[in-house]
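So you can see what is in the structure, the chains are spelled out below.
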Amino acid sequence: MPKADETRAHIIEKTASVFNKKGFVGTTLSDMEAATGLTKGSIYNNFENKDEVALAVFDYNLKKVNDLIRKEMDKHHSAKEQLISYVKIYGANFSDSPFTSGGCPILNTAVESDDTHPQLKKKASNAVTAWMNKVANLIEKGIKQKEFRSSINSKETAAMIVASIEGAIMISRVTGRTDYLKSIMNSIKKIIEDLE
């Protein structure tokens, strides 16, 4: 890997949890320098500005989430078990979350960027849409394989599952109560099981 690419990758990796915890607005150049051990000049020789770093970091964090989910799904063949993979991954207590420190980067970015950063908002919107489409496709796979009832509306059910997962994470994090996360994730698992 060329030196410039290595430096860019280092900046993205080291600032990923900072942006995920503090958000775009809250992350300062000083935070970026502290996380990377690089100077302002080194950072901005590799990225045009903080916006460019933040967009690259979102892609990095999203890839980490998608890789974790894909790895868990690859352990299962049935659509039902693959759907439950989302509950398993997202249902981990936020103190030992498998995600980048700071929780779900999709939720964090969506909430912060709603009115402040159109490019990040678009990336978050695309991530949520892709996620709902993946869940809908799994439901349709389950219908074709006769695992799920044919009367299920895959798009509506997918939207409800994704909204419930993100809502569970938000409620649990804002209250600091992992029991909310567990109980809501158990409800989502029951919804998936009831698709049969």
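You'll find the structure just up there.
Anyway, here's the lowdown on the structure attached to this text. A quick note: this is a predicted structure, and the numbers were derived from the prediction, not measured. For every chain, the first residue of the written sequence is number 1, and numbering continues from 1 onward in sequence order. Under the rules for a predicted model, residues below a pLDDT of 70 receive no local features and side-chain atom pairs below 80 are neither given nor counted, while totals for whole chains, interfaces and linings still include all residues. Think of the side-chain values as coming from all heavy atoms in the structure, minus any hydrogens and water.

**Quick notes on the packing of aromatic side chains**
Working definition: an aromatic ring pair is given by the centre-to-centre distance plus the angle between the planes.
Logical step 1: The rule is short: rings of Phe, Tyr and Trp, with Trp giving its six-membered ring, pair when the centres are within 6.5 Å, and they are stacked under 30 degrees, edge-to-face over 60, tilted in between. Under the counting rule described, the total for this entry stands at 2 aromatic pairs.
Logical step 2: Between Tyr90 and Trp131, the ring centres sit 4.9 Å apart and the planes meet at 15°, which makes this aromatic pair stacked. One end of the pair, Tyr90, is in helix H5 (residues 79-90); the other, Trp131, is in helix H7 (residues 118-144), and 41 residues separate them in sequence.
Logical step 3: Residue class for Tyr90 comes out buried when judged on its relative accessible area of 3%.
Logical step 4: Think of it in three bands: residues with accessible area under 20% of the maximum for their type are buried, residues over 50% are exposed, and the middle band is partly exposed, with areas taken using a 1.4 Å probe on protein chains only. According to the relative accessible area criterion, Trp131 is buried, its value standing at 5%.
Logical step 5: Among the aromatic residues, those joined into a ring-pair cluster are Tyr86, Tyr90 and Trp131.
Logical step 6: Cation placement over rings: the criterion is NZ of Lys or CZ of Arg within 6 Å of the ring centroid and within 35° of the ring normal. Over the ring of Phe47 we find Arg8, and its NZ or CZ is 4.1 Å from the ring centre. The helix and strand labels rest on DSSP assignments: H or I over at least four residues marks a helix, E over at least two residues marks a strand, and numbering proceeds from the N terminus.

**Section: a nonpolar patch on the surface**
Logical step 1: Taken together, the side chains of Met170, Ile171, Val174 and Tyr180 present a nonpolar region at the surface, about 350 Å² in accessible area.
Logical step 2: Examined against the element boundaries, Tyr180 turns out to sit in helix H9 (residues 178-193).
Logical step 3: Looking at Tyr180, the relative accessible area reads 31%, which means it is partly exposed. Patch criteria: residues need more than 30% relative accessible area and no salt bridge. Like-charged residues are merged within 9 Å; nonpolar side chains of Val, Leu, Ile, Met, Phe, Trp and Tyr are merged within 5 Å. The method behind every accessible area is Shrake-Rupley, applied with a 1.4 Å probe, and residues are considered shielded solely by the protein chains displayed. Take a side-chain nitrogen of Lys or Arg and a carboxyl oxygen of Asp or Glu: if they are within 4 Å of each other, that pair is a salt bridge.

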